[in-house]
Amino acid sequence: MLEDFFGDAQTIDQRLGRPLTRGEVFALVLCIAIAFLFIGVRMETGGAYYDLSLYLNAARGDYYGYYYGYWVLPFFWLLGFLPLVINHALWALLNIGAVFFAARMFGGNVLFALVSFQMFYSLIYGQITGVLVGSLALMYWAMAHERWYLTGLGLILALTKFQVGLVPGAAIILMTQTRWTNRFKIFVVPLLFVAFSFLLYGNWVVELLNRIANDPPDASASISLWRWFGIFVLVLWLPPLLLRVTRRERFVWLVATNALALPYFQQADLVLLWTLPIGALALLGNLGYVFFIGRFTALQILAVVPLFVYGKFLLPALQYFARREKNDE
C-alpha cells in the first residue's frame, strides 16, 4: 500500500521496535535533563516554559498570545489542575517522546532530531512543536495500519498549529494509496473536535482572526522567504508538486517547501524536517546558536537549511526532466 513512501506497516513497526542505540539514549537523557533544568528555572524566576504558560492561561480564558486551534484547550484545562512542576514535567516528556516516535516513524536520525537547537529551544519555551510532529507521525502510522479514525485524531492534533500541520497532513492523506471512502473516514474525528470546540468556545475563529490582525504573532524568528519576496515565493510549490520524484522524496520536499513558502513559519518548527530522512543536513539546524549573538532576528539564517533540502531534490528532478525531454525529441 505504501510502496516508496516510508515503508509498509511491517517495516514501520520494525523501526519502532528496534532496541535503543547509545546515541538515542544519550539524546533522550540530555533532552530530559535540559527540560528538568529549565523547570527549575521556571520555578525560581519564571524565565522558562513561556509558551506552556500561554496555553494554560488560554484554557482558563486568557487568550493573550494564543494563535492555535481551540480544540486542544480542554487538554490544557485538565493539565492546569496538576501542580506546576508535574504539568511542566509531563508536557516536556510528552514532547520528547513524540519527537522520538516521529524520528523512528519517518526513518530520520533520532540523535540529530533530539539534540538539535530547535528541540532544546522548544523544550525551554514549553512549545507544542514536539506534540505536533508526533501527531503527524501518528497519522502516518495509523494510515499504514488502516486505522482511519486514529489518523483523524493525529490530523486534528497536528492542525492545532495550522502552518505546521496542514501541508504535511494533507500530503500523508493524499500520497498514501487507499480508497477515497477511507480518506473520508479520516475527517470524522476532526469534524467532531471542531464542532465540540464551537460548542465550548463559540465562534472562536473570528476571535482568533481578530487577534492575529490586531496583535500578530512575533515573526522575528520566522524563516519564511515571504518577508523578502512576498507572494512570489508561491512559485516554490510548483517543482515538488509537478516534477517526477518518489513519494518519499516528494513528502520531504513538501515539508521543506512548507517552511519557505508560507507567510509565517517559526524556526523551532523545523524539528519536523529533522525527523525525516535528510541525513546530516539536520545538523545544520544548530546554526540556531547564532541566537546568542544576534538574538531572535539572527535565527532567520536558518532558512538556508530547508533551502539546502529543497535544492537536494530540485537538481536531480530537473536533470531527470531534461534527460526525458531530450529522449523524447
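Residues numbered from 1 in each chain as written. Predicted model: local features only at pLDDT ≥ 70, side-chain atom pairs only at ≥ 80, totals over all residues. Heavy atoms only, no water.

Draft legend 1. The packing of aromatic side chains, seen in detail. Scanning all chains against the criterion turns up 29 aromatic pairs. Arranged with centres 4.8 Å apart and planes meeting at 10 degrees, the rings of Tyr70 and Trp204 form a pair that is stacked. Separated by 134 residues along the polypeptide, Tyr70 in the loop between α3 (50–59) and α4 (73–79) and Trp204 in helix α13 (residues 204–214) bring together distant segments of the chain. Here the basic side chain of Arg183 rests over the ring of Trp180, its NZ or CZ set 4.5 Å away from the ring centre. One residue, Arg227, lies across the ring of Trp228, its end atom 5.5 Å from the ring centre. (Phe/Tyr/Trp six-rings, centres within 6.5 Å; stacked < 30°, edge-to-face > 60°. Helix = DSSP H or I, 4+ residues; strand = E, 2+ residues; numbered from the N terminus. Lys NZ or Arg CZ within 6 Å of the ring centre and 35° of its normal.)

Draft legend 2. Spotlight on the environment of Pro217. Within the secondary structure, Pro217 sits in the loop between α13 and α14 (226–229). Of the residues examined, Pro217 reaches a relative accessible area of 22% and is grouped as partly exposed. In contact with Pro217, other than residues within four places in its own chain, are Tyr67, Ile212 and Tyr264. (Buried < 20%, exposed > 50% of the residue type's maximum accessible area, 1.4 Å probe, protein only. Contact = heavy atoms within 4.5 Å.)

Draft legend 3. Just the layout of surface pockets, in detail. Looking at the largest pocket, its volume works out to about 860 Å³. The wall of the largest pocket is formed by 31 residues, among which Tyr67, Pro217, Asp218, Tyr264 and Gln266 lie closest to the centre. Mapped by element, the contributors of at least two residues to the lining of the largest pocket are α3, α7 (117–125), α10 (162–175) and α13. (1 Å grid on protein atoms, 1.4 Å probe; cavity = no way out; pocket = protein on both sides within 12 Å on 5 of 7 lines; lining within 4 Å. Points joined across faces, edges and corners; volume = space filled by probe spheres on them.)

Draft legend 4. Fine view of helix α16 (residues 247–260). Compared with the 20 Å implied by 1.5 Å per residue over 14 residues, the 20 Å span of α16 between its first and last C-alpha is a close match. When you tally the buried positions in α16, you get 12 out of 14 residues, the bulk of the element. Of the positions making up α16, those classed as buried are Arg247, Arg250, Phe251, Val252, Trp253, Leu254, Val255, Ala256, Thr257, Asn258, Ala259 and Leu260. (Expected span 1.5 Å × (residues − 1).)

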